[in-house]
Amino acid sequence: MLASALATGIAGIAAAQSKPVIATVVKISGIPWFDRMNTGVEEFAKANPDVDASQSGPATADAAQQLQIVQDLTARGVNALAVVPMDPAVLEGALKRAMERGIVVVTHEADNQMNTQADVEAFDNAEYGAALNERLAQCMGQAGKWTTFVGSLGSRTHLQWVGAGEENAKKYAQMELVDPNNESFDDANGTYEKAKEILRKHPDIKGFQTSAGNDVLGVGRAIDEAGLAGKVCLVGTGLPNPSADLLEAGAITAIGFWDPAKAGMAMNSVAKTLLAKQPITDGMDLGVEGYNKVSVRKGPGEGVLVIGNGMVLADKSNYQEHLF
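Keep in mind the model is a prediction, meaning the values are calculated, not measured.

S.K.: Please clarify how the overall build of the protein should be interpreted in this entry.
M.R.: In terms of helices and strands, the protein carries 10 helices and 14 strands. For a compact globule of 324 residues, the expected C-alpha radius of gyration is about 20 Å, and the protein comes in at 20 Å, within 12% of that figure. Overall, the protein is about 60 × 40 × 35 Å in size when its C-alpha atoms are taken along their principal axes. In the protein, which comprises 324 residues, the share counted as buried stands at 56%. Accessible surface, the protein: about 12,900 Å² in total, of which carbon and sulfur atoms supply 49%.

S.K.: Can you help me understand the layout of surface pockets in this one?
M.R.: Vacant regions in the atomic arrangement are exposed by a probe of water-molecule size rolled over the atoms. Space inside the largest pocket adds up to approximately 200 Å³. Around the largest pocket, the lining is made up of 13 residues, and of these Asp 259, Lys 262, Glu 289, Gly 310 and Val 312 lie nearest the centre. The residue makeup of the lining of the largest pocket, split by class, is six nonpolar, four polar and three charged.

S.K.: Looking at this structure, I do not really get the packing of helix 8 (residues 215-225) against helix 9 (residues 240-249). What am I missing?
M.R.: A pair of packed helices is characterised by two quantities: the angle between their axes and the separation of those axes. Interaxial distance between helix 8 and helix 9 falls to 10 Å at its minimum, and their mutual angle equals 30 degrees. Between helix 8 and helix 9, the interaxial angle falls into the category roughly parallel. Between helix 8 and helix 9 lies a crossing whose hand is left-handed. Along its contact with helix 8, which presents Val 216, Leu 217, Gly 220, Arg 221 and Asp 224, the element helix 9 presents Pro 242, Ser 243, Leu 246 and Ala 249.

S.K.: Could you clarify how one ought to interpret the sheet that holds strand 4 (residues 104-108) in this entry?
M.R.: Consider a sheet: its strands pair through backbone hydrogen bonds, and that pairing is either parallel or antiparallel. In space, the seven strands of this open sheet follow the order 2-1-3-4-5-13-12, with mixed pairing throughout. Unpaired on one side and paired on the other, strand 2 (52-56) and strand 12 (295-298) mark the two borders of the sheet. Neighbour to neighbour, the strand axes of the sheet diverge by 20 degrees on average, direction disregarded. Note: strand 12 against strand 13 (residues 304-307), four bridges, orientation antiparallel. Its bridge partner being in strand 13, Arg 297 is matched across the sheet by Leu 305.

S.K.: Any chance you could explain the side chain of Glu 121 here in plain terms?
M.R.: Checked against the element boundaries, Glu 121 lands in strand 5 (residues 118-121). Look at Glu 121: it is buried, it has no salt bridge, and the nearest opposite charge is Arg 156 at 7.5 Å. If near-sequence neighbours (up to four positions away) are discounted, Glu 121 is found in contact with His 108, Glu 109, Ala 110, Asp 111, Thr 157, Tyr 291, Val 306, Ile 307 and Gly 308.

S.K.: How do you make sense of the packing of helix 5 (residues 125-139) against helix 6 (residues 156-169) when you look at a structure like this?
M.R.: Direction vectors running N to C along helix 5 and helix 6 enclose 55 degrees, while the axes themselves pass 7 Å from each other. Considered as vectors, helix 5 and helix 6 are oriented oblique to each other. The two elements helix 5 and helix 6 cross, and the hand of that crossing is right-handed. On helix 6, the residues touching Asn 125, Ala 126, Tyr 128, Gly 129, Ala 130, Asn 133 and Glu 134 of helix 5 are Thr 157, Gln 160, Trp 161, Ala 164, Gly 165, Asn 168 and Ala 169. Its residues assigned to classes, the contact of helix 5 with helix 6 shows six nonpolar, seven polar and one charged.

S.K.: Looking at this structure, how should I read empty space enclosed by the protein?
M.R.: The full count for this structure, using the stated rule, is five cavities of 30 Å³ or more. Lining the largest cavity we find Lys 27, Trp 33, Phe 34, Glu 109, His 158, Trp 161, Asp 186, Ser 211, Ala 212, Gly 213, Thr 237 and Trp 258. Elements that contribute at least two residues to the lining of the largest cavity include exactly helix 2 (32-47) and helix 6. Grouping the constituent residues of the lining of the largest cavity by class yields five nonpolar, four polar and three charged.

S.K.: What is the right way to look at the packing of aromatic side chains in this model?
M.R.: Given two aromatic rings, their pairing is described by the distance between the two centres and the angle made by the two planes. Applying the stated rule across the entire model yields eight aromatic pairs. Consider the rings of Trp 33 and Trp 258, whose centres lie 4.7 Å apart with planes at 75 degrees: the pair is edge-to-face. Placement of the pair is Trp 33 in helix 2 and Trp 258 in the loop between strand 11 (254-257) and helix 10 (260-275), with a sequence separation of 225 residues. For the pair Phe 123 and Tyr 128, a centre-to-centre distance of 4.4 Å together with 20 degrees between the ring planes defines the contact as stacked. There is no split in this pair, since Phe 123 and Tyr 128 are both buried. Taken together, the ring pairs connect Trp 33, Phe 123, Tyr 128, Trp 161 and Trp 258 into an aromatic cluster. The positively charged end of Arg 36 is found above the aromatic ring belonging to Phe 324, 4.3 Å away from the centroid. If you follow Arg 221 out to its NZ or CZ, it ends over the ring of Tyr 192, 3.6 Å from the centre.

S.K.: Is there a simple way to think about the environment of Met 265 in this case?
M.R.: Structurally, Met 265 can be placed in helix 10. For Met 265, a relative accessible area of 14% corresponds to the buried category. In contact with Met 265, not counting residues within four places along its chain, are Gly 40, Glu 43, Phe 44 and Val 288.

Thresholds, definitions, all that
- Residues numbered from 1 in each chain as written.
- Predicted model: local features only at pLDDT ≥ 70, side-chain atom pairs only at ≥ 80, totals over all residues.
- Heavy atoms only, no water.
- Helix = DSSP H or I, 4+ residues; strand = E, 2+ residues; numbered from the N terminus.
- Rg over C-alpha atoms; globule rule 2.2 N^0.38 Å.
- Buried < 20%, exposed > 50% of the residue type's maximum accessible area, 1.4 Å probe, protein only.
- Areas by Shrake-Rupley, 256 points an atom, 1.4 Å probe, with all protein chains shown as cover.
- 1 Å grid on protein atoms, 1.4 Å probe; cavity = no way out; pocket = protein on both sides within 12 Å on 5 of 7 lines; lining within 4 Å.
- Points joined across faces, edges and corners; volume = space filled by probe spheres on them.
- Nonpolar A, V, L, I, M, F, W, Y, C, P; charged D, E, K, R; others polar.
- Axes fitted to C-alpha atoms, helices over the stretch in contact; angles between N-to-C directions.
- Parallel < 35°, antiparallel > 145°, perpendicular 65-115°, else oblique.
- Left-handed = near helix turned anticlockwise from the far one by under 90°.
- Contact = heavy atoms within 4.5 Å.
- Pairing = 2+ DSSP bridges.
- Lys, Arg positive; Asp, Glu negative; His and termini not counted.
- Salt bridge = Lys/Arg side-chain N within 4 Å of Asp/Glu carboxyl O.
- Phe/Tyr/Trp six-rings, centres within 6.5 Å; stacked < 30°, edge-to-face > 60°.
- Lys NZ or Arg CZ within 6 Å of the ring centre and 35° of its normal.

The following block contains the structure:
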């Protein structure tokens with residue numbers, strides 16, 4: 001209800017303003033990853049006073065709630081939507097209707113989205129997933145049982161990352177994938193409970209590769225409490241500040257990430273360019289760090305894929321270089 005009210009507030013002023021409204025809609029509000037993205041959206045708004053840019057999202061990781069917010073914003077006449085889909089397939093119809101009404105649609109973490117004018121990715125998702133897994137493999141000594149977590153089975157990028165991880169692990173005959181693709185719904189407490197179950201079921205497990213931003217916190221807590229820090233490897237997507245204590249304790253081996261603030265700014269930059277009827281071209285500079293020379297290629301629909309160079313891998317030795 002709160003998220004819907006926020007969306008209503010964003011869009012309710014659209015008709016009263018002469019400047020275009022860009023509404024960013026995230027998977028879930030109130031978690032560190034998307035709080036950081038909101039920081040970027042706010043920075044973009046301050047740097048671009050000729051547009052009204054703000055962010056909203058559901059209170060829980062629920063594709064149906066996110067769909068309702070997108071529908072509400074469309075009905076209220078925003079000029080552009082910048083969406084991080086919980087499940088791209090769920091939003092296809094709503095985004096198509098938005099574009100039919102003349103609303104610019106930009107997405108992120110959804111390179112399979114058909115109904116978008118541009119999907120912005122921080123990096124090549126297959127390269128990222130393989131990089132996480134290679135770091136995990138090195139920690140595991142290239143041998144032993146390992147498993148994977150995803151935010152949901154509808155999360156496009158998460159499935160790409162763990163899929164690329166599986167492909168990378170095939171290089172190592174002694175790595176054995178067990179019980180893959182555990183759904184976390186970006187809930188650290190739920191992930192903690194699931195990780196404890198896996199540790200009980202597979203007491204000889206050696207590694208976890210995780211995807212959603214809170215997964216490393218839940219799995220890391222389970223590893224730490226079991227006295228397995230430094231014995232069971234954990235590599236996954238996460239942010240430096242929330243992960244700091246578990247990195248220091250050795251319960252998290254390494255984290256991979258891109259700056260959600262920069263991604264939010266990049267999405268809004270693309271939306272503003274499209275609102276101005278200007279093209280998105282290969283090699284262009286979006287004016288955002290990590291997106292200064294983007295690769296642009298045709299997307300699965302009529303839109304384009306915009307790929308930056310914002311991947312970061314960090315561990316105990318260097319995470320403090322990237323604190324946010």
